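Here is what each chain is made of, one letter per residue.
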Amino acid sequence: MTVFLDALPATANEWVVSVAADDRLALLAAFSGAARAVGKEPCVVPGRGTWGTDEVARAALLVRGAASVSPEELYDRGDNRERQAVLKALPLLADPERFLPLAIEACRTNVLTIFEAIACENTYPERFFPELNFNQMVLKASFNGVALARIVGLAARKNDELARMAADFAAERRAAGRPVPADLSGIMKEVAS
Amino acid sequence: MKLFDPHIHMTSRTTDDYEAMAKAGIRAIIEPAFWLGQPRTKVGTFEDYFQALLGWERFRASQFGITHFCTIGLNPKEANNPNVAQGVLDLMPHYLGKDGVVAVGEIGFDDQTPAEEKFFAAQLELAKKFDLPVLIHTPHRDKKRGTERSLAVVKEQRFAEERVLIDHNNEETLPLVLATGCWAGHSIYPNTKMDEPRMAALVKKYGPSRIIVNSAADWGVSDPLKVPKTAIAMKDAGIVAADIETIVWKNPIAFFGQTGRIVAADLASNASYDQAELFEGNSVLRGQTPART
């Protein structure tokens, strides 16, 4: 799978390829140091939007080094930006369903940018999350002021329980005299007239 | 004037502190890894601490427009604990390469034991390997001797002195440090270590070169606004604005920027700030036109 490598500018591509795919320590060091090596300029990943060049390089390192390092350990020992790169890359790795526990755990973060990396512009939750986890993620997005339009496949995954949770959340907000996110109505059940 | 507090333990502070710091002009901070007020019993709790410094705390600071960096190290107190010391040293290579890590620290002496010296030297080696400067804590007790011994270890290990910051200096230790190529940090505290008028007097005597001030605020009696307060004290003592700016902004960037991991332009473009904001009824300005971004 070369989608990430192909997306990189030539110099960044050469840098990633220069890291031996079977050298665990070199891979770990390169993963941490990617931003200093290739910068953070915008880089288009076809079909997946625009990432930082460092994020694309990290994803490429993860794919190339899959036999030597795991997404779980890179996430566990990663700083915020490294964690974001792992989460964005998940749906494009081989057998992505293996990483469901990691993806669900990532939704529990308090760091909004990490939450957005899994919840927004990412096909992973739509494809693999069980209903309970998908619903919790949608509600957390709304709670944190994240636009629901950023959740891939939300329309296809709408369900009765999510509609109830959204309605309860809206009622709680109204009772507290606080504004209700405008896009919440899109996942509430249409009331039959 | 933009301010940099290069030594503050924010995991122990509240969001009220972040808010007040941002209002007072603090735009960037460094949180050195230190002990937590009581000893840890497991290597794993160090790892969780390192991750908090690189994760949640960075994000928390960013919410207030403050850029957060950290240093990673085995502190001198816990270097004496054989249950954790070697394990923490073994962990460090996993973290020293991260973007937010700008030095190895705090390292150095506390009780000045052989174990402290062993892990001090070992961490100087790690710093060389990762091309990082070091932040050296100096002891509360027997401080002058501890500082002399720290400088001696740096020399023995042939560690580049311009990459060494000796912290928590006072009137007796500062001339020792300035006689070498090392940088000199000062922790401005409500009661102990150093206060604002004494600091201003030291700057008048020695000038601004290689001088750094910080709050070292933590879980004890301390004050996260000591850098802005010291800037005001220096102004009141007649120190020129350019020298104050060197001490509270340019010097920490010059020292910790030796990593290439602090980009001054990024800090300048980060959050909006307003120098007209008052803190405790005082402006950090004295008659200048407030700058806004």
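Just so you know, these numbers come straight off a predicted model, no measurement behind them.

## Description of the pairing of strand 8 (residues 211–214) of chain B
Residues and elements named next belong to chain B.
1) Next: Alternating positions in strand 8 separate into two faces, Ile211 and Val213 on one and Ile212 and Asn214 on the other, with burial throughout.
2) Next: Bridging between strand 7 (residues 183–187) and strand 8 involves 4 bridges; their strand directions are parallel. Note that in strand 8 the partner of Ser187 across the bridge is Asn214.
3) Next: The parallel pair strand 7 and strand 8 is bridged by helix 8 (residues 196–206), and the resulting crossover is right-handed.

## A closer look at helix 9 (residues 226–236) of chain B
1) Next: Here helix 9 of chain B lies mainly inside the structure; 9 of its 11 residues are buried.
2) Next: Along helix 9 of chain B, the positions that sit buried rather than exposed are B:Lys226, B:Val227, B:Pro228, B:Lys229, B:Thr230, B:Ala231, B:Ile232, B:Ala233 and B:Met234.

## Some details on the environment of B:Leu91
Residue and element names in this part refer to chain B.
1) Next: Counting through the fold element by element, Leu91 comes out in helix 4 (residues 85–91).
2) Next: Here Leu91 falls in the partly exposed class, since 19 other C-beta atoms lie within 10 Å of it.
3) Next: Distance in space between the C-alpha atoms of Leu91 and Pro139 is 25 Å, their sequence separation being 48 residues.
4) Next: Once residues lying within four places of it in the same chain are set aside, the contact partners of Leu91 are Val43, Phe46 and Glu47.

## Some details on the nonpolar core
1) Next: Of all hydrophobic cores here, the largest spans 77 residues; its most connected members are B:Ile72, B:Val134, B:Leu165, B:Cys182 and B:Val248.
2) Next: The element best represented in this core is helix 10 (residues 241–256) of chain B, accounting for 6 residues.
3) Next: Counting residues in hydrophobic clusters, the runner-up holds 46 residues, among them A:Trp51, A:Leu74, A:Leu87 and A:Ile118.

Calculation criteria
Along each chain, residue indices are assigned from 1 in the same order as the chain's sequence is written. Chain labels run from A onward and ligand labels from 1 onward, assigned in the order the entries are written. Local features are withheld for residues below a pLDDT of 70 in this predicted model, meaning they are given only at 70 or higher, and side-chain atom pairs are given and counted only at 80 or more; totals for whole chains, interfaces and linings count all residues. Three classes are used. A residue is buried when 20 or more other C-beta atoms lie within 10 Å of its own, exposed when 12 or fewer do, and partly exposed in between, with C-beta atoms placed from the backbone. Secondary structure counts use DSSP, requiring at least four H or I residues in a row for a helix and at least two E residues in a row for a strand, with both numbered from the N terminus. By this definition, two strands are paired if DSSP reports at least two bridges between them. By convention, orient the strands away from the viewer: a clockwise path from the first strand over the helix to the second makes the crossover right-handed. C-beta atoms are placed from the backbone for every residue, and two residues are taken to be in contact when these atoms lie within 7 Å. For our purposes the nonpolar core covers buried Ala, Val, Leu, Ile, Met, Phe, Trp, Tyr and Cys residues that link as a set through C-beta atoms within 7 Å.

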